[in-house]
Amino acid sequence: YRGVRRDYYLDELFNQSTPQPDFTTLPNSFDTSGFAPVYAEQFDSYASSKWILKENPRSSTYIENGQLVFKSNTSSNMFVVVNVYGVDVQSDFIFEASLTLPSVNLVTKFGLAFGTTQNGTFSESFDFILINNNKEKYFGNSGWFSYYTKLSDSNIFTSKKNNLKIVKQKGMIYYFINGKFAYSTEIENTQQGFSYGFIAPANETLYVDDVVI
């Protein structure tokens, strides 16, 4: 455990009357009246897409049937992001997208990521949510050797479209899967960043739709 969870569990270990923190009783939705759409993508045409559509030895990215299709040709998972300047990951934001992985491999992970790309000042750092077709969810940061939380979740649809939503407010990240609250944690990245996107599994084809920031 880390952050507020670690603090709470240590306090509760020695004092069972320690009040439960907010992460134990979060609602399934947030008041979004203070947010305004900055970027939305339905992938209806090549001309409207912010994503770089190309083919190279490592991957192919194209639009098909109103979805962004990312086909990986490598043995490693890939972070695929676009820069949305004006939406700093250290500010409050909402980021969501629908992902489909029609794979027979149930443990292959895929999901959303946001954070900081490398430049002359900052090092790369991405917070992320991953799921798989075995109804498991993972949360972590690219600076760790692995994810820091793994849980089961019956709200994940196997080999079908899953909507993943991230709400960032006051230093905390609230994750939702198909409209249901999934997890909350502190943001790990402390740097300015404008990169939002997805994590594509190795040697698989991932379908992305309904991206909104």
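Further up the page is the structure itself.
Rules and cut-offs
- Residues numbered from 1 in each chain as written.
- Predicted model: local features only at pLDDT ≥ 70, side-chain atom pairs only at ≥ 80, totals over all residues.
- Heavy atoms only, no water.
- Helix = DSSP H or I, 4+ residues; strand = E, 2+ residues; numbered from the N terminus.
- Rg over C-alpha atoms; globule rule 2.2 N^0.38 Å.
- Buried < 20%, exposed > 50% of the residue type's maximum accessible area, 1.4 Å probe, protein only.
- Contact = heavy atoms within 4.5 Å.
- Areas by Shrake-Rupley, 256 points an atom, 1.4 Å probe, with all protein chains shown as cover.
- Lys, Arg positive; Asp, Glu negative; His and termini not counted.
- Charge placed at Lys NZ, Arg CZ, Asp CG, Glu CD.
- Core = buried A, V, L, I, M, F, W, Y, C linked by side-chain atoms within 4.5 Å.
- Phe/Tyr/Trp six-rings, centres within 6.5 Å; stacked < 30°, edge-to-face > 60°.
- Lys NZ or Arg CZ within 6 Å of the ring centre and 35° of its normal.
- Pairing = 2+ DSSP bridges.

Visitor: Explain the overall build of the protein to me, and be specific about the residues and the numbers.
Guide: Summing up its helical and strand segments, the protein has one helix and 14 strands in all. For the protein, the C-alpha radius of gyration of 17 Å lies close to 17 Å, the compact-globule estimate for 213 residues. By principal-axis analysis of the C-alpha atoms, the protein measures approximately 60 × 40 × 35 Å. A buried classification covers 47% of the 213 residues belonging to the protein. Long-range contacts, defined here as pairs at least 24 residues apart, represent 61% of the contacts in the protein between residues at least 6 apart. Of the roughly 10,900 Å² of accessible surface on the protein, 49% is carried by carbon and sulfur atoms. On the protein, the mean spot of the 17 positive side-chain charges and the mean spot of the 21 negative ones are 4 Å from each other.

Visitor: Please set out the side chain of T100 residue by residue, giving values where relevant.
Guide: Along the polypeptide, T100 turns up in strand β5 (residues 93–100). Here T100 falls in the buried class, since its relative accessible area comes to 12%. The contacts of T100, once residues within four sequence positions are left out, are Q67, S159, K160, K161, T205, L206 and Y207.

Visitor: Tell me about the nonpolar core, and name the residues and values.
Guide: Counting residues in each nonpolar core, the largest one holds 40 residues, and the members touching the most others are L112, F114, I166, Y175, Y196 and F198. Residues A113, F126, F128 and Y138 belong to the second largest nonpolar core, which totals six residues.

Visitor: Residues and numbers for the packing of aromatic side chains, please.
Guide: Centre distance and the angle of the planes are the two values used to describe a pair of aromatic rings. Throughout the structure, instances matching the rule amount to 13 aromatic pairs. Measuring from ring centre to ring centre gives 5.4 Å for W51 and F198, while their planes differ by 35°; the resulting arrangement is tilted. Here F198 lies in strand β13 (residues 195–200) and W51 lies in the loop between β1 (40–41) and β2 (59–64), a separation of 147 residues in the sequence. Assigned by exposure class, W51 and F198 land together as buried. Their ring planes at 50° and their centres at 5.4 Å tell us that Y85 and F194 sit as a pair that is tilted. Here Y85, found in the loop between β4 (78–83) and β5, pairs with F194, found in the loop between β12 (180–186) and β13; they are 109 residues apart in sequence, far enough to count as distant. Taking the relative accessible area as the measure of exposure, Y85 reaches 60% and is therefore exposed. Residue classification places F194 among the buried residues on the basis of a relative accessible area of 18%. Clustering of aromatic rings is evident, with ring pairs tying together F93, F95, F114 and Y196. Cation over ring: R2 sits above Y148, and NZ or CZ is 4.1 Å from the ring centre. Its guanidinium or amino end placed over the ring of Y138, K109 lies 4.9 Å from that ring's centre, counting from NZ or CZ.

Visitor: Provide a residue-level description of the environment of D22, including the pertinent values.
Guide: Along the chain, D22 turns up in the loop between α1 (3–14) and β1. When the C-alpha atoms of D22 and V4 are compared, they prove to be 9.7 Å apart, with 18 residues separating the residues in sequence.

Visitor: Lay out the pairing of strand β7 (residues 125–131) with the relevant residues and their values.
Guide: Within β7, seven of the seven residues are buried, leaving the element largely enclosed by the surrounding structure. In the sheet, strand β6 (residues 110–116) pairs with β7 via seven bridges, with the strands oriented antiparallel. Each bridged residue has a counterpart across the sheet, and for G115 the counterpart in β7 is F126. Hairpin connection between β7 and strand β8 (residues 136–141): a loop of four residues separates the two successive antiparallel strands, and K135 in this loop has a positive phi of roughly 60°.

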